[in-house]
Amino acid sequence: MAPDLPPPSSIAGDGVGSASSIVADAASGYHVLKIQGYSRTKSTIPNGEHVESHPFRAAGHTWAIKYYPNGENPQNADYISIFLLLKEAVASHLMVQLVFSFIDQVISWGRAKFVDTAELEKSARLKDDCFTVRCDIVVIGEPRIEATTVPGASFVKVPPPDSSQHFRALLQGGKGADVRFLVAGEAFAAHRCVLAALSPVFDALLFGLMKEGTATENCIRIDDMVPQVFESLLHFIYTDSLPEAEGQDEEASATMAQHLLEAADRYGMDRLKLICEDRLCRYIDVSTVGTSLALAELHRCQGLKETCFQFLKSLKTLDEVMATDGFQHLAKSSPSAMLELMSKLAGR
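Residues numbered from 1 in each chain as written. Predicted model: local features only at pLDDT ≥ 70, side-chain atom pairs only at ≥ 80, totals over all residues. Heavy atoms only, no water.

The name an unreviewed UniProt entry gives the chain is BTB/POZ and MATH domain-containing protein 1, with Urochloa decumbens as the organism. Annotation of the chain in UniProt includes, under Pathway (unreviewed entry), the sentence "Protein modification; protein ubiquitination." Looking at the chain in UniProt, the text filed under Sequence similarities (unreviewed entry) is "Belongs to the Tdpoz family." (UniProt positions renumbered as here; feature names shortened; annotations may be inferred.)

Put into structure tokens, the structure is as follows:
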């Protein structure tokens, strides 16, 4: 006869399981570097010498990119060399994965021989004597062990939140919509409660002192906004994200970000405003900095303003910017921003 077994509660461990994990965290980020005046850099910077980009933050650290237009040594004289440089002291070594690429294609030539200059000059990537490089960085952290107590195993897999998909379907289907907007002749249906929950201005317009009869008319005219901008605004309200901009170039993306920033400020949507401000900081160049600085002054965007000032520190850059229509617009529309700019540049 088999011996009697003790009750489950008296067995060592009391039936409580445990688990541990080996975790290797990773932080990632990227930086876009635009080379303007490629032919001039090639003709003036000899083999073995480089130009260093402005420092930037990515993957939790500060970096810069070293650009050698004629290669970093005689063996690579027919190539462009490009390297990532860590600009800060760290307590221990870093494990870094990085990829340099053109915007539309990952490059497999490596860094010392990033691209053959003859091939670049024949390709469509060199446009108006400019080309753009993207550097993707992944910093892998030191592996660590985490211990957890597991009161009971579970075979249930909880899916990620999907409320944004349901709200997107609600917006697109129009079910239960109780307010209509007429934007430059184009109609949009929406839900008052959703708009009011995300925007204090919509709340006042639809339920507060600003409603002025909209509860009975159920239609609000907006004549000073492009329909595509209002559509993107609604998409963000319902999904907390911006719609995908397939096939949109940098100039069109920057223009949309400018219009959306104005709309976000108008309707008191601070998160959307910061997202647009961040996007515009990434699109700063000679042709856009004047318009962006005027926009930053008008809508109180301090981060965008500081990015514009930083870009304009170079005397050569400032001279080029002053010849653009955007700078003329800045001078006429934002004299206070011009005074602040002159004050910052006075001691250079």
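> For the nonpolar core, give the residues involved together with the corresponding values.
Formed by 53 residues in total, the largest nonpolar core has its most connected members in F181, L195, F202, F230, L233 and L272. Examining the composition of this core, we find that seven residues originate from one element, helix α7 (residues 227-239), more than from any other. If we ignore the near neighbours within four places in the chain, the residues touching L195 are V179, F181, A190, F202, L206, L234, I237 and Y238. Of all hydrophobic cores here, the second largest spans 22 residues; its members include L33, A59, F114 and V139. (Core = buried A, V, L, I, M, F, W, Y, C linked by side-chain atoms within 4.5 Å. Buried < 20%, exposed > 50% of the residue type's maximum accessible area, 1.4 Å probe, protein only. Helix = DSSP H or I, 4+ residues; strand = E, 2+ residues; numbered from the N terminus. Contact = heavy atoms within 4.5 Å.)

> Tell me what's going on with the environment of L85, and back it up with residues and numbers.
In this fold, L85 is placed in strand β6 (residues 79-86). The partly exposed category is assigned to L85, whose relative accessible area is 27%. For the pair formed by L85 and W63, sequence separation is 22 residues and the distance between their alpha carbons is 5.5 Å. Setting aside residues up to four positions removed in sequence, L85 forms contacts with E52, T62, W63, A64 and K66.

> So what's going on with the packing of helix α13 (residues 325-333) against helix α14 (residues 335-345)? Residues and values would help.
Two numbers describe how α13 lies on α14: the axes approach to 5 Å, and their chain directions differ by 110°. As far as their axial angle goes, α14 and α13 are roughly perpendicular. Taken together, the residues of α14 that come into contact with α13 (itself represented by F327, L330, A331, K332 and S333) are P335, A337, M338 and L341. Counted by class, the contact of α13 with α14 contains seven nonpolar, one polar and one charged residues. (Axes fitted to C-alpha atoms, helices over the stretch in contact; angles between N-to-C directions. Parallel < 35°, antiparallel > 145°, perpendicular 65-115°, else oblique. Nonpolar A, V, L, I, M, F, W, Y, C, P; charged D, E, K, R; others polar.)

> Explain helix α10 (residues 289-298) to me, using residue names and the numbers behind them.
Along α10, seven of the 10 residues are buried, which leaves the element largely enclosed by surrounding structure. Taken as a whole, α10 has its buried residues at V289, G290, S292, L293, A294, L295 and A296.

> Outline the pattern of salt bridges, listing residues and values.
Taken as a whole and assessed by the stated rule, the structure comprises 12 salt bridges. Here D240 ties to R271 by a salt bridge, and the two come within 2.8 Å at their closest N and O atoms. Residue D240 is found in the loop between α7 and α8 (250-266), and its partner R271 is found in helix α9 (residues 270-282); the two are separated by 31 residues along the sequence. In this structure, E297 engages K305 in a salt bridge whose closest nitrogen and oxygen atoms are separated by 2.7 Å. E297 sits in the partly exposed class, given a relative accessible area of 23%. (Salt bridge = Lys/Arg side-chain N within 4 Å of Asp/Glu carboxyl O.)

> Explain the sheet that holds strand β13 (residues 186-190) to me, and be specific about the residues and the numbers.
Taking strand neighbours across the sheet as the criterion, the three strands line up as β13-β12-β14 in an open arrangement whose pairing is mixed. Looking along the sheet, the strands with just one partner apiece sit at the ends: β13 and β14 (219-222). Within the sheet, the average angular offset between the axes of one strand and its neighbour, ignoring direction, is 25°. Relative to β13, strand β12 (residues 179-183) is paired through five bridges, and the arrangement is antiparallel. Of the residues in β13, the one forming a bridge with V179 is A190. (Pairing = 2+ DSSP bridges.)

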